[in-house]
Amino acid sequence: MAKSVPRIGSRRNGRIGLRKSARRIPKGVIHVQASFNNTIVTVTDVRGRVISWSSAGTCGFKGTRRGTPFAAQTAAGNAIRTVVDQGMQRAEVMIKGPGLGRDAALRVIRRSGIVLSFIRDVTPMPHNGCRPPKKRRV
């Protein structure tokens, strides 16, 4: 018979949502991943633990509308609103990907009142690594 493992965040011991509200984060890192189909905004502390995240898909955009700048703007606003309430004042921004939501998300981050220490583009660039797939014939 397998031994049952006690769940840490179960409802019985009353720890649901306890750690989320208790943390005060003065400094963090905002990761923006903008692809052509979606934009994902993740806010972490300096050690890399996720505090808040949002994407165009979770904001209610479906299909091709997820790749639009307006969807990225909404996603960035949702992710940042929660961390501003937790007391974040300074942040670093890492932007990855070629999507349309890069600039729109950065504009929202600038307007949020968080002081940005630096903005870095971390889009992966191949040094002629893998062979690309063959061209499409339509």
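So, here is what we can say about the structure in this document. Keep in mind it's a predicted model, so treat the numbers as computed, not measured.

1. Concerning the side chain of Thr42
Relative to the elements of secondary structure, Thr42 occurs in strand 2 (residues 39-45). Residue Thr42 is classed as buried on the basis of its relative accessible area of 18%. Once residues within four sequence positions are removed from consideration, Thr42 is found in contact with Val29, Ile30, His31, Val50, Ser52 and Trp53.

2. Structural notes on the sheet that holds strand 4 (residues 90-96)
Here we have 5 strands laid out as an open sheet, ordered 3-2-1-4-5, and mixed in their pairing. The sheet is open, and its two edges are formed by strand 3 (50-55) and strand 5 (115-121), each paired on a single side. Neighbour-to-neighbour, the strand axes of the sheet open up by a mean angle of 15°, direction not taken into account. Here strand 1 (residues 27-34) pairs with strand 4 via 7 bridges, running parallel. By the bridge assignment, Ile30 is partnered in strand 4 with Val93.

3. Here's the deal with the pairing of strand 3
Of the pairings in the sheet, the one linking strand 2 to strand 3 comprises 5 bridges and is antiparallel in character. Directly across from Val43, in strand 3, lies its bridge partner Ser52. Taking the residues that link successive antiparallel strands as the turn, the strand 2-strand 3 hairpin has 4 residues, and the phi of Gly48 there is positive, at about 100°.

4. Side note on the pattern of salt bridges
Taken as a whole and assessed by the stated rule, the structure comprises 3 salt bridges. The partner of Lys27 in a salt bridge is Glu92, with the nearest N and O atoms 3.0 Å apart. You can see Lys27 sitting in strand 1 and its partner Glu92 sitting in strand 4, a full 65 residues away along the chain. Measuring nitrogen to oxygen at the nearest pair gives 3.0 Å for the salt bridge that ties Arg49 to Asp45. Judged by its relative accessible area of 8%, Asp45 falls in the buried class.

The rules behind these values
- Residues numbered from 1 in each chain as written.
- Predicted model: local features only at pLDDT ≥ 70, side-chain atom pairs only at ≥ 80, totals over all residues.
- Heavy atoms only, no water.
- Helix = DSSP H or I, 4+ residues; strand = E, 2+ residues; numbered from the N terminus.
- Buried < 20%, exposed > 50% of the residue type's maximum accessible area, 1.4 Å probe, protein only.
- Contact = heavy atoms within 4.5 Å.
- Pairing = 2+ DSSP bridges.
- Axes fitted to C-alpha atoms, helices over the stretch in contact; angles between N-to-C directions.
- Salt bridge = Lys/Arg side-chain N within 4 Å of Asp/Glu carboxyl O.

In short, the description is geometric, and any link to function would need to be established separately.
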